[in-house]
Amino acid sequence: MSEFSFSDRYGQKPARWKSGAIVLLIIGTGWITWAGLHHSRPDIRSTLISFSVQSDRQISIRYSIDRRTPQASVTCTLVAHDFQKNVVGEIEDVIPPGAGHIERISVIPTRTASVNAGISRCRPTSL
């Protein structure tokens, strides 16, 4: 009795899926590479440096903005939170065109005592 392999007995299926998998792998790798490089350097980058509680009615925040196009003005939304993480103060800080890197100190008025402050978002100001 001779030994037969599985392919000898049932035949061999063509591997059609391999070419499709290779195409998807190439497209997927290209897209992941593009997305990683594109989002690693945004147009506007904000960094919280520090905050300081001035009183029960205001908190100051120190932050920096890095922008790739210094000719564009930027609007940053700054928020203050209380102990239970409720928003107790919010302002829109408009940064005029100028330097690519800028550091600012802003005061956020609050309705009750706040314990921290942060940058909600920064976006280009539409004209």
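Caption draft 1: Representation of the side chain of Asp82. Take Asp82: it is sitting in the loop between strand S3 (74–81) and strand S4 (87–95). Within the structure, the side chain of Asp82 is placed 2.8 Å from the backbone nitrogen of Asn86, a separation counted as a polar contact. What Asp82 contacts, discounting residues up to four positions off in sequence, is Val88, Ala113, Ser114 and Val115.

Caption draft 2: Broad picture of the sheet that holds strand S6 (residues 116–124). Taken in spatial order, the three strands line up as S4-S3-S6 in an open sheet, and their pairing is antiparallel. Since the sheet does not close on itself, it has two edges, and those belong to S4 and S6, each with one partner. This sheet shows a mean twist of 20° between the axes of neighbouring strands, independent of strand direction. Relative to S6, S3 runs antiparallel, the two sharing eight bridges. The partner of His81 across the bridge, within S6, is Asn116.

Caption draft 3: Highlighting the pattern of salt bridges. Counting across every chain of the model gives four salt bridges. Arg68 serves as the salt-bridge partner of Asp43, at 2.9 Å between the closest nitrogen and oxygen. On the criterion of sequence distance, the pair formed by Asp43 in the loop between helix H2 (17–39) and strand S1 (44–55) and Arg68 in the loop between strand S2 (58–67) and S3 is long-range, its members being 25 residues apart. Among the residues examined, Arg68 registers a relative accessible area of 40% and is labelled partly exposed. Its salt-bridge partner being Arg104, residue Asp93 comes within 3.0 Å of it at the nearest N-O pair. Of this pair, Asp93 sits in strand S4 while Arg104 sits in strand S5 (residues 101–109), placing them 11 residues apart in sequence.

Rules used throughout
Residues numbered from 1 in each chain as written. Predicted model: local features only at pLDDT ≥ 70, side-chain atom pairs only at ≥ 80, totals over all residues. Heavy atoms only, no water. Helix = DSSP H or I, 4+ residues; strand = E, 2+ residues; numbered from the N terminus. Polar contact = N/O pair within 3.5 Å; in protein donor to acceptor, adjacent residues only side chain to side chain. Contact = heavy atoms within 4.5 Å. Pairing = 2+ DSSP bridges. Axes fitted to C-alpha atoms, helices over the stretch in contact; angles between N-to-C directions. Salt bridge = Lys/Arg side-chain N within 4 Å of Asp/Glu carboxyl O. Buried < 20%, exposed > 50% of the residue type's maximum accessible area, 1.4 Å probe, protein only.

Structural measurements only, silent on function.
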